[in-house]
Amino acid sequence: FHEINLRSAAVRSLETLNVPVDLSLSPEILVVAGVINPSRNVASFDYGYRLSQDMIDAGTLEEVQPNQDTTAGPVATYTLELVDAGNAILFSLPFEPITSTDIESAEQSFVLTVPFDLRTARIRVVRQGRVLGTLAVSANVPEVRLLHPIGGETITDPFTIQWEASDQDNDRLLYTVQYSPDMGASWQALVTQTPEISLTLEDTLSLKGSDQAIIRVIANDGINTGSATSGPFALQRHMPVVHINTPANQDFFVLDSQIILMGSARDAEDGPLDGETLKWFLNGEGVGSGKEAAVGG
C-alpha cells in the first residue's frame, strides 16, 4: 500500500475531476459503491464505508474500494446526494457510472469517495430529480472487541485472530482485518468483507516480522464502521523464500553445454532480493550470484 494520506489522495482525485470540495473540513470520509440499471432507471448500493480521520490512509481506502475510476464533474447524468432526516441535501456530487465490459450486462457501476456529513440520514442516487436508489444510515456504530491477539504475545505459525462484535441496530456486519508491523504507520489487509469472526493464517510468510506488530479489525454495517486495535505483539521473522525457475527438476542437458540458471528470492522484511544476496552453488561450489548465472559451455 502507498504510504500517503488518504485525505490528500482523495482531495487530489476530486480536484482532478473539477469537483469543488474540501475534505479537510469533514471529520469523516465516505466511500460508497453500487450499480445502476439505466433501462430500469434504478440504482442499488453494494456497500458504503464511513472512515474517521484516524483510519484514513491510502491502504485502508484500497481495501474497501475497487481499483476503478468513476467520472465525476459538474455536468453528469447522475448525482450522489447525502440528505438529512428532513430530506435536506447536505452534499451532492454529479457523476457518470462505469459501463460494463460485459456486452450482455445492462448495469453500470460506480465507486465514489466524498466527505461525510455527520447529519446524514440517507444516501441516494438521483437522475433528473428522480431518486433511483437509497441507502439508509443506521443510528449506531458497530462495537468490536479483539480476543486474540490483545498485545504482549509472541506469535508463531499458525496465526489465529479472533474478535467479537455487536450492533444495536441488528445490522449484518462484515469485517476487514489489517496487520501493521510498525504500530500503525502502514497497514496490510489480511481479509476484507468477511462475515466470519475469526481468521487463521496457516503461515505468516507474507507478513513482516516485528516486535511492534498490531492487528486492527474494522466492522462495517453497510455504512457505519467501528474498529478495535490490539496492543503490540511480536511476530516471528522468517527466512527468505527462494525459488529456482531453471533448471527445472529432472531437466536434461547435453554434456559441456552452457546452462542458464534463473531464480528469485523474497524476504518478508526486506522484499525482493538481488545481486550478491543471491548466490548459486553447484555441488557445493559457488558458480555465480544474482537472479541469473551461466555455468558450463
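Before reading on, note that the structure itself is shown above.
A brief look at the structure comes next. Residue numbering note: each chain is counted from 1, following its sequence as written. Selection of residues for local features in this predicted model requires a pLDDT of at least 70, selection of side-chain atom pairs for listing and counting requires 80 or more, and totals for whole chains, interfaces and linings are taken over all residues. Excluded from the side-chain calculation are hydrogens and water; included are all heavy atoms of the structure.

All right, on to the overall build of the protein chain then. Helix and strand definitions here come from DSSP, where helices need a minimum of 4 consecutive H or I residues and strands a minimum of 2 consecutive E residues; each element is numbered from the N-terminal end. Scanning the protein chain from N- to C-terminus turns up 2 helices and 24 strands. Looking at the protein chain as a whole, 44% of its 297 residues are labelled buried. For the protein chain, the proportion of contacts with a sequence separation of at least 24, taken over those separated by at least 6, is 62%. Method for areas: the Shrake-Rupley scheme with a 1.4 Å probe, in which residue coverage is limited to the protein chains shown. Accessible area for the protein chain stands at about 16,000 Å²; split by element, carbon and sulfur atoms hold 49% of it. Each residue is placed in one exposure class: buried if its accessible area under a 1.4 Å probe, protein chains only, is under 20% of its type's maximum, exposed if it is over 50%, and partly exposed if it falls in between. In what follows, residue pairs with any heavy atoms lying within 4.5 Å of each other are defined as contacts.

Attention now goes to the pattern of salt bridges. Criterion for a salt bridge: a side-chain nitrogen of Lys or Arg within 4 Å of a carboxyl oxygen of Asp or Glu. Evaluated as defined, the whole model comprises 5 salt bridges. A salt bridge links Arg50 to Glu28, with the shortest nitrogen-to-oxygen separation between them at 2.7 Å. Here Glu28 lies in strand 1 (residues 28-37) and Arg50 lies in strand 2 (residues 42-52), a separation of 22 residues in the sequence. You can call Arg50 buried: its relative accessible area is 14%. Judged by its relative accessible area of 14%, Glu28 falls in the buried class. Put simply, Arg237 and Asp211 hold a salt bridge, and the shortest N to O gap is 3.8 Å. With Arg237 in the loop between strand 18 (233-235) and strand 19 (241-246) and Asp211 in strand 16 (residues 210-220), this residue pair connects regions lying 26 residues apart in the sequence.

For Ala248, the position within the fold is in the loop between strand 19 and strand 20 (259-267). Since its relative accessible area comes to 39%, Ala248 is described here as partly exposed.

Of the two faces of strand 15 (residues 198-201), only one is covered, namely that formed by Leu199 and Leu201; the face formed by Ser198 and Thr200 stays uncovered. Only strands that DSSP links by at least two bridges are regarded as paired with each other. Note: strand 12 (residues 159-166) against strand 15, 4 bridges, orientation antiparallel. By the bridge assignment, Phe159 is partnered in strand 15 with Leu201.

A word on the packing of aromatic side chains. Two rings from Phe, Tyr or Trp (for Trp, the six-membered ring) form a pair when their centres sit within 6.5 Å of each other. Planes less than 30 degrees apart are called stacked, planes more than 60 degrees apart edge-to-face, and all others tilted. All chains considered together, the criterion is met by 6 aromatic pairs. Taking the centre distance of 5.9 Å and the plane angle of 90° together, the rings of Phe45 and Phe110 count as edge-to-face. One end of the pair, Phe45, is in strand 2; the other, Phe110, is in strand 7 (residues 108-116), and 65 residues separate them in sequence. Only when the NZ of Lys or the CZ of Arg is both within 6 Å of the ring centre and within 35 degrees of the ring normal is a charge said to sit over the ring. Positioned above the aromatic ring of Trp187, the side-chain terminus of Arg216 is 4.1 Å from the ring centre.

Let us now look at the sheet that holds strand 1. With antiparallel pairing, 4 strands are arranged side by side in an open sheet as 2-1-7-6. Sheet topology places strand 2 and strand 6 (98-99) at the edges, where each strand pairs with a single neighbour. Bridge analysis of strand 1 against strand 2 gives 10 bridges, and the strand direction is antiparallel. Within the sheet, the bridge partner assigned to Glu28 lies in strand 2 and is Ser52.

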